[in-house]
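Single-letter residue listing:
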Amino acid sequence: MKFFINMHKLNSLFLIVFLVTFNFFSQSVLNQEVVNDSISSLSKTDDVVDLFSISLSDDELNDDTSFSDNISGLLNSSMDIFYRTAAYEFSSSFFKVRGLDSENASLHINGIKMNKIYNGRPQWSNWGGLNDVLRNQELSNGLIPLKYSFGGALGSNNINVKASEYGQGGRVTYSSSNRSYANRLMASYNSGMLDDGWAYSISIGRRWGDEGYQDASFYDSNSAFLSVEKILNDNHSLNFVAIYAPNRRGKVSPNTQEVYDLKGTKYNEYWGYQDGEKRNSRVKRVVEPIVILNHDWEINESSSLETSFGFQFGELGNSRLDYAGGGNPSPAYYQDLPSYFLGDEDGPNYEGAYLAQENFVNNGQINWNRIYDANLTNASVNLDAAYVLYEDRADDKQLSFNSVFSHQIDDNIKVSAAINHRSLLSDNFAEVTDLLGGLSYSNIDSFDNLDYNLLDPNSTILEGDKFKYHYEIDAKESSVFAIFNHSYNKIDFYYSLNFTGTTYQRNGIFENEANTGNSSGKGDKVSFDGYGAKAGFSYKFSGKHILDFNAAYIEKAPSIRNTFTNSRVNHNIVGSDANGLINNTPITEEKIKSFDANYIFRTPIFTGRISGFYSHIEDANEISFYYADGLVGFSEDSEFVQEILQGINKKHMGLEFGVEAQIIPSFKLKVASSIGQYTYDNNPYLYLGADNYTVPVGPSNLNNYKLAGGPQRAYSFGFEYRDPDYWFVGVTSNYFTNTYVDPSPLTRTQNFYSSQDGLPFNDYDIDVARNLLKQEKFDDYSVLNMIGGKSWKIDDYYIGFFASINNILDKKYRTGGFEQGRNANYRQLLEDVNKPKRVFGPKYWYGRGTNYFLNLYFRF
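Source: prediction; values computed, not measured.

Caption draft 1: The overall build of the protein chain, seen in detail. From N to C terminus, the protein chain includes 12 helices and 42 strands. Here the C-alpha atoms of the protein chain give a radius of gyration of 28 Å, agreeing with the 29 Å that 2.2 N^0.38 yields for 860 residues. Across its three principal axes, the protein chain shows a C-alpha extent of roughly 80 × 60 × 55 Å. The long-range fraction of contacts in the protein chain, counting pairs at least 24 apart against all pairs at least 6 apart in sequence, stands at 72%. Accessible surface, the protein chain: about 35,600 Å² in total, of which carbon and sulfur atoms supply 54%.

Here's what the structure looks like:
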């Protein structure tokens, strides 16, 4: 009932627009003939589809936080109404389909898997800005495999970029936006199949802007694409693809509510003015070219073999400031905010709080001049720089191979079998990119005065030098997979088996002094064997009504990120350290059990799908890094730690549906919804690491806590009108609820109620503790979006534009957030909560206010 009341209040404007528009449209179509196919096909061109995919690979999918990770980039080509709504309407709220991350879906380009071995997720920016040549996609939603790979709990997607697949013609596009970039310019041309058996496709693009919606979130990206195909004869063809999309963008910070209250939801702490221009200290830079060679062999009328070789190489860098000889340069450092002074042990310091507030409100950005002054002062007396700017680098070289054999056994049975292999050598290090006016920099850890590299002790670091850490990861992944598809008049069914073998090995180039004997050289090789099975069947009552069921059991290796506890400095893997097992539980494969049931219907008026789904994930791992106070078991109660959460179980279940109603040939209503519940399903084991030692803590009582990462429930209602005169307009209202903050696992362990001697606090109050540990649920919110466009045909040319305005009512809403782990025990957290303003409250991300995208194009 509350949902419907809120929808009524927030969307009255939408209803008015709907009624007025419908009245106008209904009058205009009363005397029309039925819209013919040529009109429908023109008004539903790829130009309209492009409206919704403009920012999916450039923005939400390109961020580093788990809250922005979703599979919208896999869904924007789907014809399913729910998946299209999830991609186009829900993605800006960081909604995750079925609550699952994009690592649960396999993405391929010409058969080559693009999910990173490091974290299991696609690096969308590797092909950003090439929308025109990425439209040909084979998509399997849900559990169903593609012929190229077994896929995950969210299916698979293959982007077909073979040159012969493109129709002859070209296109030039200019776009303007205030989202992630200000300008986009693209041009592409496809030759089509030429008489001599050659075909080619080329595309170039540029996206740029000094600032996106958030402060100092600049964007600088170029992209180029070439695909050349040669038909050798009736049975053989070769295709070569090259993709080069270097890009840089300014990152945006999460902030506490205190910071947002003072500076607004566009605030970003990572930048400051230098010589009158905004300079962002945290820049993500990606330069990872891709080349793919494909050979297609039509063996006979019923058999084919597709073989692909891929090579990807380059650099991925994330910059930040280091301050071994200076104070924390963050303008939102907790000791510089009003809350710190209001929470003074001797009572509120109102004068200090006022001065801090005035300084933060009026300045509140990185002081680059102070940083340069400090370094120049040090240089004048031959001291190392107090500050430097550096990049955390991952320079990867990856070879990939995929071969798929398909055979049509008879009219009803088809089998496909695939072999996949990927070999990765990842070189990881920190590199000084700017001494910021200094002479040199030290390679000594300023906190414990230990050397980062005993193989070159007391080294002097200059620009371009590696420091802090340096190691390599050698990773190999091989899989075999087969799927049998049976198709009959009333029943279709499939079954599929998969095996994947994965190995990781770390090779330390530096010998970290704090991890002596466990840092340099090659560590033990860790291996995983993953088995999988999928099956499903469909019963067709008629062509209009279908029941579909799918089930899967999947074992997969944890990603590199969740295998090594701190790969920068030692060889330790999850579940063990240099002394052996920690909880008598070695690292193991993740297990996923998944099932969905679907009712699909297609009538002259109504088209849609209703689905129920269930997934259970077991033995997952998560690793976090932060500074914590109130620790038990360490020599000091404050320490920078690695938090290792091992053996996590998660439960995902819910309903999703999408329905379209073609009321009249030109007018359509659309409804979609996802009603999910995603929770932790056990109390995983937690232990902490610091340098070369570990402290077992015990179970983290997370069972039944909600999983963070976007709204668990989303609802959408809208209409779309397409006029025979080739213009269209649509309005959609979206409502989001059940979004939760990410809980701190450490505060849900025995560390929370234990004093330094290991005994419980004598003032521990269970009721107070329960309130302190209650998971924060964000406010529900509604967002109103509108799209529209117009196209013209002049001889054989097409000219058009379309535009979208999102969040028309400028609604402020949180898309995600996490509890800080700083206050690790009951007394400290209670003290922080009872202060006039929390010093270490949760950090949040906010969605965009009113934003737009405008697109102009010329097709020939």
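Once you've had a look at it, read on.
Caption draft 2: Examining the environment of K397 more closely. Secondary-structure assignment places K397 in strand β17 (residues 388-408). C-alpha of K397 to C-alpha of G788: the two residues are 391 residues apart in sequence and 44 Å apart in space. Those residues in contact with K397 that sit more than four places away from it in its chain are F311, Q312, F313, S423, L424 and L425.

Caption draft 3: Here's a closer look at a negative patch on the surface. A cluster of acidic side chains, namely D344, E345, D346 and E831, defines a negative patch on the protein surface. Tracing the chain through its elements places D346 in the loop between α8 (338-342) and α9 (350-362). Taking relative accessible area as the criterion, D346 reaches 78% and is therefore assigned exposed.

Caption draft 4: Inspection of the nonpolar core at higher detail. Core analysis: the largest hydrophobic core is formed by 57 residues, its most contacted members being F82, L631, L688 and L746. Residue contributions to this core peak at five residues, all from strand β31 (residues 606-629). Here L631 is in contact with D637, S638, E639, V641, L688, L746, N751, Q756 and A824, once residues within four sequence places are set aside. Core analysis: the second largest hydrophobic core is formed by 27 residues, L435, Y471, A475 and I644 among them.

Caption draft 5: Local environment of the side chain of E639. Structurally, E639 can be placed in strand β32 (residues 638-664). An unpaired buried charge is present at E639: no salt bridge exists, and R822, the closest side chain of opposite charge, is 12 Å distant. A polar contact of 3.5 Å, which involves the side chain of E639, links it to the side chain of Y693. Beyond its immediate sequence surroundings of up to four residues, E639 is in contact with Y626, Y627, A628, L631, F634, A690 and Y693.

Caption draft 6: How the structure looks around the pattern of salt bridges. One pass over the full model with this rule turns up 44 salt bridges. We note a salt bridge from R393 to E315, for which the minimum N-O separation is 3.3 Å. Taken together, the residues span a long stretch of sequence, with R393 in strand β17 and E315 in strand β16 (residues 303-322) at a distance of 78 residues. According to the relative accessible area criterion, R393 is buried, its value standing at 8%. Assessed through its relative accessible area of 28%, E315 is described here as partly exposed.

Caption draft 7: Spatial organisation of α9. Over its 13 residues, α9 extends 18 Å from the first C-alpha to the last, a length consistent with the 18 Å expected when each residue adds 1.5 Å. Looking only at α9, the buried set comprises G352, A353, A356 and F360. Here the buried residues of α9 occupy an arc of 95° about the axis, which is enough to place them on one side. Of the residues in α9, the exposed ones pointing more than 90 degrees away from the buried face are Y350, E351, Y354, L355 and N362. Contact partners of the buried residues in α9: α7 (257-263) and α8.

Caption draft 8: Representation of the sheet that holds strand β11 (residues 255-256) in the model. Taken together, the three strands give an open sheet; going across it, the order is β11-β41-β40, and neighbouring strands pair in antiparallel fashion. One side of each edge strand has no neighbouring strand; the edge strands of this open sheet are β11 and β40 (814-818). With four bridges joining them, β40 and strand β41 (residues 843-846) adopt antiparallel strand pairing. Looking at β41, one finds that G817 is bridged to Y844.

Caption draft 9: Examining the sheet that holds strand β1 (residues 106-109) more closely. If you walk across this open sheet you meet the four strands as β2-β1-β4-β3, and the pairing is mixed. A strand with exactly one partner marks an edge of an open sheet, and here the two such strands are β2 (112-113) and β3 (137-140). For β1 and β2, the ladder comprises two bridges, and the chain directions are antiparallel. The residue of β2 that forms the bridge with I109 is I112.

Caption draft 10: Representation of helix α6 (residues 81-90) in the model. Burial runs high along α6: 10 of the 10 residues are buried. All of the buried residues along α6 are I81, F82, Y83, R84, T85, A86, A87, Y88, E89 and F90. Of the residues that open α6, the one with a side-chain oxygen 2.9 Å from the backbone nitrogen of F82 is D80.

Caption draft 11: Representation of the side chain of N280 within the structure. Along the chain, N280 turns up in strand β13 (residues 277-280). Judged by relative accessible area, which is 7%, N280 ranks as buried. Engagement of the side chain of N280 in a polar contact is seen with the backbone oxygen of A216, the distance being 3.1 Å. Among the polar contacts listed, one links the side chain of N280 to the backbone oxygen of K251, at a separation of 3.1 Å. Ignoring any residue separated from it by four or fewer positions in sequence, one finds N280 in contact with A216, F218, G250, K251, N268, Y270 and W271.

Caption draft 12: The pairing of strand β7 (residues 198-209), seen in detail. Side chains of β7 alternate between two faces, with A199, S201, S203, G205, R207 and G209 buried and W198, Y200, I202, I204, R206 and W208 left unburied. Examined bridge by bridge, strand β6 (residues 183-190) and β7 share eight bridges and lie antiparallel to one another. The partner of A187 across the bridge, within β7, is I204. Relative to strand β8 (residues 219-231), β7 runs antiparallel, the two being bridged by 12 bridges. Paired with R207 across the strands is S221, a residue of β8.

So, how was this worked out
In this numbering scheme, every chain counts its residues from 1 along its sequence in written order. In keeping with the model being predicted, local features are shown solely for residues with a pLDDT of at least 70 and side-chain atom pairs are shown and tallied solely at 80 or more, while totals for entire chains, interfaces and linings include all residues. Processing note: side-chain calculations cover all non-hydrogen atoms of the structure and skip hydrogens and water entirely. Per the convention used, a helix needs a DSSP run of H or I reaching at least four residues, while a strand needs a run of E reaching at least two, with both numbered from the N terminus. Two things to know: the radius of gyration comes from C-alpha atoms, and the globule rule equals 2.2 Å times the number of residues to the power 0.38. Working rule for contacts: check all heavy atoms of both residues, and any pair within 4.5 Å makes them a contact. Here, Shrake-Rupley sampling with a 1.4 Å probe gives the accessible areas, and only protein chains in the shown set may cover a residue. Residues enter patches when they are more than 30% accessible in relative terms and free of salt bridges; like-charged ones are connected within 9 Å and nonpolar ones (Val, Leu, Ile, Met, Phe, Trp, Tyr) within 5 Å. Each salt bridge in this description consists of a side-chain nitrogen of Lys or Arg and a carboxyl oxygen of Asp or Glu lying within 4 Å of one another. Charged residues are defined here as Lys and Arg on the positive side and Asp and Glu on the negative side; His and the ends of the chain fall outside this count. Think of each charge as sitting on NZ of Lys, CZ of Arg, CG of Asp or CD of Glu. Exposure is judged per residue with a 1.4 Å probe applied to protein chains only, and the accessible area is read against the type maximum: over 50% gives exposed, under 20% gives buried, and values in between give partly exposed. We call a set of buried Ala, Val, Leu, Ile, Met, Phe, Trp, Tyr and Cys residues a nonpolar core when their side-chain atoms join them within 4.5 Å. We call two N or O atoms a polar contact when they sit within 3.5 Å, provided that within protein one can donate a hydrogen and the other can accept it, with sequence-adjacent residues counted only if both atoms are side-chain atoms. Multiplying 1.5 Å by the helix residue count minus one yields the expected span of that helix. Here, the arc refers to the directions that run from the helix axis to the C-beta atoms. In this description, strands pair whenever DSSP reports at least two bridges between them.

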